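# Remarks on the overall topology
Residues per chain, in single letters:
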Amino acid sequence: PSLHTQRHQFVIDFVVNNKPQKVVDLGCCECKLLKKLKFHRQMKLLVGVDINGATVKKHMYGLAPLSTDYLQPSEDELRIELYQGSVTEKDARLRGFDLVTSIELIEHLSLASLSRFSEVVFGYMTPLAVIISTPNSEFNPLLPGLKGFRHSDHKFEWTRAEFKSWALKVCKDYGYTVEFTGVGPAPPGQQESVGFCSQIGVFRCLGGRDACGPLLDDEDDVCSYTLLYSVNY
Ligand code: SAM
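Keep in mind the model is a prediction, meaning the values are calculated, not measured. (Residues numbered from 1 in each chain as written. Predicted model: local features only at pLDDT ≥ 70, side-chain atom pairs only at ≥ 80, totals over all residues. Heavy atoms only, no water.)

### A word on the state of the cysteines
Applying the stated criterion across every chain yields a total of 0 disulfides. No disulfide involves Cys29; its sulfur sits 7.5 Å from the nearest other cysteine sulfur, which is in Cys28. Cys29 sits in the partly exposed class, given a relative accessible area of 39%. With no disulfide of its own, Cys171 lies closest to Cys205 among cysteine sulfurs, the gap being 10 Å. Residue Cys171 is classed as buried on the basis of its relative accessible area of 9%. (Disulfide = S-S within 2.5 Å. Buried < 20%, exposed > 50% of the residue type's maximum accessible area, 1.4 Å probe, protein only.)

### Quick look at the packing of helix H5 (residues 111–125) against helix H6 (residues 160–174)
Between H5 and H6, whose axes approach to 10 Å, the crossing angle comes to 45 degrees. Judged by the inter-axis angle, H5 sits oblique to H6. Taken as a pair, H5 and H6 cross one another with a handedness that is right-handed. Every residue of H6 that contacts H5 at Leu114, Phe117, Ser118, Glu119, Phe122 and Gly123 is listed here: Trp166, Val170 and Tyr174. (Axes fitted to C-alpha atoms, helices over the stretch in contact; angles between N-to-C directions. Helix = DSSP H or I, 4+ residues; strand = E, 2+ residues; numbered from the N terminus. Parallel < 35°, antiparallel > 145°, perpendicular 65-115°, else oblique. Left-handed = near helix turned anticlockwise from the far one by under 90°. Contact = heavy atoms within 4.5 Å.)

### Some remarks on the sheet that holds strand E3 (residues 79–84)
The strand order E6-E7-E5-E4-E1-E2-E3-E8 describes an open sheet built from 8 strands, whose pairing is mixed. The open sheet has two edge strands with one neighbour each: strand E6 (176–183) and strand E8 (226–232). Taking each pair of neighbouring strands and ignoring which way they run, the sheet shows an average axis angle of 15 degrees. Where strand E2 (residues 45–50) and E3 come together, 6 bridges link them in parallel fashion. Paired with Val49 across the bridge in E3 is Tyr83. Contacts from helix H1 (residues 3–18) reach strand E4 (99–103), strand E5 (129–135), E6 and strand E7 (198–205), with the element oriented near 20 degrees to E7. (Pairing = 2+ DSSP bridges.)

### Some thoughts on the site of the ligand
Neighbouring the ligand are 15 residues; His4, Gly27, Asp50, Val87 and Ile103 lie closest to it. Taking Asp50, its side chain carries an N or O atom lying 2.6 Å from an oxygen atom of the ligand. One of the backbone N or O atoms of Val87 is found 3.0 Å from a nitrogen atom in the ligand. Within the complex, the protein chains bury 81% of what would otherwise be the 600 Å² of accessible surface of the ligand. In terms of residue class, the shell around the ligand is built from 6 nonpolar, 7 polar and 2 charged. (Near = heavy atom within 4 Å. Polar contact = N/O pair within 3.5 Å; in protein donor to acceptor, adjacent residues only side chain to side chain. Areas by Shrake-Rupley, 256 points an atom, 1.4 Å probe, with all protein chains shown as cover. Nonpolar A, V, L, I, M, F, W, Y, C, P; charged D, E, K, R; others polar.)

In structure tokens, the structure reads:
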């Protein structure tokens, strides 16, 4: 399977094992991950956010229910919502989720935007768990013909140590723990020295649901995202 598929499969495996009911995918792009996640029966609310509204609009109808979804209705209802918006902006509708995914997104942010992202995701949205994937630059010499970054829009590509230091700071600032892993293994004998092609951090809120539930305060009515699509199953 492609690296792209492996990253999404990592999220699917997490969903199978942890059974989140409310999930938001940041930088959902063509909504491919959401299309896979909607088949998980425990899912109650699936949300996608991307700054690129045109791409989301082009692909969003692929999330519409199929006639078979109505022939075999599940007990629990699923709602899907797609928004145009930036992960550097707060929106009260995204607070208190079970899982936030950010797959190959952070490397597209300037360092100033990345610090807004941390504040928005970990400090404001306060989900129970967060999965973040980003390129591991130590793997780059193994990619044939690559000069510079993997994509021209990348603002940075981090070593494992750089990702770790950012992630540990986030944990300290906002009360999370993190475990590091990845997808796309290195060739035999080089796993230790190089690591995975895509590095992944799995963050969990230290205090569990009590600490990570949405707080009621003045900020609660911030709605900066534009709803592009919503559907009830
Ligand atoms: N997550 C998808 C995947 O796994 O295939 C897409 C990854 S794509 C490399 C990065 C996506 O992040 C793009 O769709 C881009 O529009 C989106 N993006 C970039 N900056 C963003 C921001 N500030 N807020 C929300 N989305 C953003």
